[in-house]
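In case you want the letters, here they are:
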Amino acid sequence: MKSKFFLICLILVLGKSYGQRIIRTENSGWTFTSSLNAEERKVVNLPHTWNAEDAITKGGDYYRGVATYQKNIFVGEEWKDKRLYLKFEGVNQVASLFLNDKLVGKHIGGYTGFVFDISDFVTIGSNNHIRLECDNSYNADVPPLSADFTFYGGAYRDVYLVVTNPVHFSLEDGAGLLIRTPELSENNAKVHLTSNVKNYLPKQANVMADLTIFSPDNKIAYSGSKSLNLAGTDVNKVDFEFNVDNPDLWSPESPNLYRAELKLIDMGTQDTLDAVSEDFGCRWFSVDPEKGFFLNGKAYRLMGVSRHQDYAGLGNALPNKIHETDLKMIKDMGSNFIRLAHYPQDPAVYEWCDKLGIIVWSEIPIVNQITESPSFFENCLQMQKENVLQNINHPSVMMWGYMNEVFLRLPFNRQTTQQEKDKYVEAAVELARQLNQETKDLDPSRLTVMALHQSQLYNTSGIADIPDIIGWNLYMGWYGGKMEQLGEFLDKEHREHPKRPVLISEYGPGADIRIQTDNPYAWDYSEAYQIDMHASYVDQVFERPYVVGMAAWNFADFGSASRVDAIPAINQKGLLTFDRIPKDIYYYYQSRLLQKPFVYLSGEHRQTYYCKEDSTGMGTVNLYLFSNCENVHLVIDGKDEFTTVPENGVSRLKLQLDEGTHTVTASADGESFSRQLDVKFRSNLLNGIDIEPLAVNVGSLCDFTSDITNETWIADQPYTAGGWGYVDGEVYQKSRGRVQGTDQDIKGTSEDPLYQTMREGLTNYRFDVKPGVYRISLLMTDPNGASGERLVYDLGQNQNMSKSSQRRFNILVNGKPVSNKLDLAGTYGYNYGVNLDFVVETRDGINIQFESIEGKPVLSAIRIKKES
Ligand code: GCB
């Protein structure tokens, strides 16, 4: 009896839902061809980009052009009365869709989704040929025109086939359902829901629109119906307005989501013709130039990250799972805020921000510059429309952005006359005005925002007065200036523009987990400098209640094909590496932002500490302790104990340790963290070189640990009798003196930082070793490029060029020549990593001599090992 009842119910349920839309991925088995290599055809699955590899290996010369994806889909008789759509979540950057060789449509812009109706192009009962042409070449009418990230081409997000009944909710307008909460308080939420319905039947359709709202705990919060008489294919609007009492508000701590399910029921057959569902949330927010950001009446400092959407080895073609793990790491860091820089991201990103409680700034990619053409304006406005309408229901989204540093390129464009510059500025201001207006028209409930670089042109032009909030991208302590100057700048801006809410939309230096130092300085790419700069910025912001918040640049390292950091083609300002290994700085933020007790000791990527031995036989080890606890108890090797009081989440520990392995344990409030570390004295290193070579990162204050050999090349030192080090010469510095070493891509190696820093003009480098046979490796590069040196991506600060030079020199060991007339540039080319290995026998130490023939000799690294 029971089972019969169940069967009837099942039939009813199945019967009711019969005929609803089919949504299936069309990701598998596309044949890919590109005009780069017309011969090559390969089968790929989406998400896919053709630049995952060459944007790294070829730098700025990665392939930007046309490529094609093709596949067949079978459309059976059963779909003859259906409507068919192809839905693309993102194709970079211009996409043209052909069905059976007929053009269906074209979409401009690489970062928003689009839907094409293919119903009238398919042949029933047959295979249908889909061809998607993508073009990621430079297009002066399509933003971004220039930017510090790679413009990976391809169908890099999911693609779906959607099959619907002739009567269905429209797919072409953004989210499908538009849900607004025009009035909100703790006691009541007024909700307004709209959808467009289409009827492709040749006759009028009488349908019922059934709406059910589920509360976060899955109870029915509202249900209602409306009957609709749908005539023709015209769009018909269906509207609901209702109240939810005592709504469960959405916030970072409680990301409560309501679900709206809307169905179309045939009044005759009672069949469900179509169904859509969307999550939404109830929350209100505002911003005040003095007091900062408020959500549901409560003050919040917005703290978080900016995020790019790519990943090591994959380019921008990420499975949704990586978006999810990224967002979870951002939440676990203690963030309540994310800037989706510099473009709208995958739908999965917004969904996870909703679920995890992360407040979103979503923007369109107008970066660095604009084109003063009507089509550029049109494309920008269309992109913003798509950004807004596709993401409008997400409660996490609270800001719509539309420009990043639009005046960056302008002042350096020397060919441009003042008059042309003025015209350009006027055009940018006009574009900002139009975008701001369009955004407000589409969604008056959100705040508008724009990101600026440190230039007064944004103030003098008036552009900074257009959006509701200003984001400053500030890099004092990196691209010029000192990190301590941040507060001064913010205060001045605040004084001069007291009505303007301000946040920091970017900040942070580059850092490489292979590079460690006790003496951090700008451009050394050390983790220590990254910690110091971030900590300084956060402290300065926390001292200023008016600062709305800050978004660290960047959540993770990201692809920027023409940039050269310690890893070429990667911008290394991430709190995590490109493959998402957290740098120490990630834990600093946990200590600063998490609400639960937290303890961490730095040094995840630095197991050995090479110290100077003091007169008592001890060396100093520098560790950062990150903790939000008041008192942290430290125990060294289970015996020596002391307590430290972290200031602003950090204690800078200077531990006196003897040579050997030590365990340091930090505990507070039930949390405990242990780190094991090895201490070695520099003065003893020559003794063990028959077992472990002595490898020196010449011209640098940083240790460099190779991720290939795991060998550490330790920071350089001056020679003292009985020891080792450089005798003379100076640290090679670029002409402008800001960077120690060169910032060029070193060819022939992935260990660029080892070669980038060097001494030049040296005549002797000595090791007072015991008699024996030694293998000596010299690492060198000639840093002077033919076109002179410059920072490839420099925020336009300085375009100094230094002249190329010629250097030729002899190398001798203890007076015996090992390399004559070495011409690094002539033999290998500029910026090529050259490694010379040779074996020598000595009775009286090793003195490597450099004899200049022309120009200054250079040495980047040296390693010696006793062979016998
Ligand atoms: C900026 C840009 C961003 C860059 C960043 C940097 O101001 O907005 O796109 O990646 O600086 O790392 O130089």
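**As for a negative patch on the surface**
A contiguous patch of negative charge, built from E613, D614, D658 and E659, is present on the exposed surface. Looking at the element boundaries, D658 is found in the loop between β38 (650-657) and β39 (660-668).

**Remarks on the environment of C282**
Position of C282 relative to the elements: it lies in the loop between β18 (272-280) and β19 (285-288). The class of C282 is buried, set by a relative accessible area of 0%. Setting aside residues up to four positions removed in sequence, C282 forms contacts with L184, A189, P247, D248, L249, W250, Y258 and N296.

**What about the sheet that holds strand β5 (residues 83-88)?**
Spatially, 4 strands are ordered β1-β10-β5-β8 in an open sheet, and the strand pairing comes out antiparallel. The open sheet has two free edges, formed respectively by β1 (22-25) and β8 (114-117), since each of these has just one partner strand. Here the average twist between neighbouring strands, direction ignored, is 20 degrees. One ladder, built from 6 bridges, connects β5 with strand β10 (residues 159-164); its direction is antiparallel. The residue bridging K87 from the neighbouring strand is Y160, located in β10.

**Quick look at empty space enclosed by the protein**
Scanning the model with the defined rule gives 4 cavities of 30 Å³ or more in all. Considered as a void within the structure, the largest cavity measures approximately 190 Å³ in volume. Surrounding the largest cavity, 19 residues form its lining, W523, D524, Y525, Q756 and T757 being those nearest its centre. Looking at side-chain class alone, the lining of the largest cavity contains 10 nonpolar, 6 polar and 3 charged residues.

**Regarding the packing of helix α5 (residues 374-391) against helix α6 (residues 418-442)**
Geometrically, a packed helix pair is captured by the angle between its two axes and the distance between the axes. α6 packs onto α5 with a crossing angle of 30 degrees between their chain directions and a minimal axis gap of 10 Å. Taken together, the axes of α5 and α6 are roughly parallel relative to one another. The handedness of the crossing between α5 and α6 comes out as right-handed. Contacts between α5 and α6 pair F376, F377, C380, L381, Q384, K385, V388 and L389 from the former with A427, E430, L431, Q434, L435, E438, T439 and L442 from the latter. Class assignment for the residues of the contact of α5 with α6 results in 10 nonpolar, 3 polar and 3 charged.

**So, the confidence of the model for the protein chain**
Residues with a pLDDT of 70 or more make up 94% of the protein chain, whose mean pLDDT is 93. Confidence drops under pLDDT 50 across residues 1-18; counting only partners more than four residues distant or on other chains, this segment forms 8 contacts. Segment residues 785-804 is flagged for pLDDT under 50; beyond a separation of four residues in sequence, or across chains, it makes 57 contacts in the model. The ipTM value of the predicted complex is 0.99, and its pTM value is 0.94.

Conventions adopted
Every chain is numbered independently, its residues counted from 1 as its sequence is written. Per-residue local features are limited, in this predicted model, to residues with pLDDT of at least 70; the limit for side-chain atom pairs, both in listing and counting, is 80 or more; totals at the level of whole chains, interfaces and linings are taken over all residues. Values reported for side chains reflect all heavy atoms of the structure, with hydrogen atoms and water molecules removed beforehand. Like charges within 9 Å and nonpolar side chains (Val, Leu, Ile, Met, Phe, Trp, Tyr) within 5 Å are joined into patches, using only residues over 30% in relative accessible area that form no salt bridge. What sets the accessible areas is the Shrake-Rupley method with a 1.4 Å probe; for residues, cover comes only from the shown protein chains. Note on definitions: salt bridges are taken to be side-chain nitrogens of Lys or Arg within 4 Å of carboxyl oxygens of Asp or Glu. Note that His is not counted, nor are the chain ends; the positive residues are Lys and Arg, and the negative ones are Asp and Glu. In this description, the location of a charge corresponds to atom NZ of lysine, CZ of arginine, CG of aspartate or CD of glutamate. The numbering of helices and of strands both runs from the N terminus, where a helix is a DSSP run of H or I of at least 4 residues and a strand a run of E of at least 2. Burial classification: accessible surface area is computed with a 1.4 Å probe over protein chains only, and a residue below 20% of its type maximum counts as buried, one above 50% as exposed, and the rest as partly exposed. It only takes one pair of heavy atoms within 4.5 Å for two residues to be counted as in contact. We treat two strands as partners when DSSP finds at least two bridges between them. Helix axes use the C-alpha atoms of the stretch in contact, all axes being lines fitted to C-alpha atoms, and the angles between their N-to-C directions lie in the range 0 to 180 degrees. Every definition here rests on a 1 Å grid over the protein atoms only: cavities are sets of points where a 1.4 Å probe fits but cannot get out, pockets are open sets enclosed by protein on both sides within 12 Å along at least five of seven lines, and lining residues have some atom within 4 Å of a point. Grid points are joined across faces, edges and corners, and a volume is the space filled by probe spheres set on the points. Charged residues are taken to be Asp, Glu, Lys and Arg, nonpolar residues to be Ala, Val, Leu, Ile, Met, Phe, Trp, Tyr, Cys and Pro, and polar residues to be all remaining types, Gly included. Small angles under 35 degrees read as roughly parallel and large ones over 145 as roughly antiparallel, with 65 to 115 read as roughly perpendicular and the rest as oblique. Note on convention: near helix rotated counterclockwise from far helix by under a right angle means a left-handed crossing. Clockwise means right-handed. For every residue, the predictor states its confidence as a pLDDT score lying anywhere from 0 to 100.

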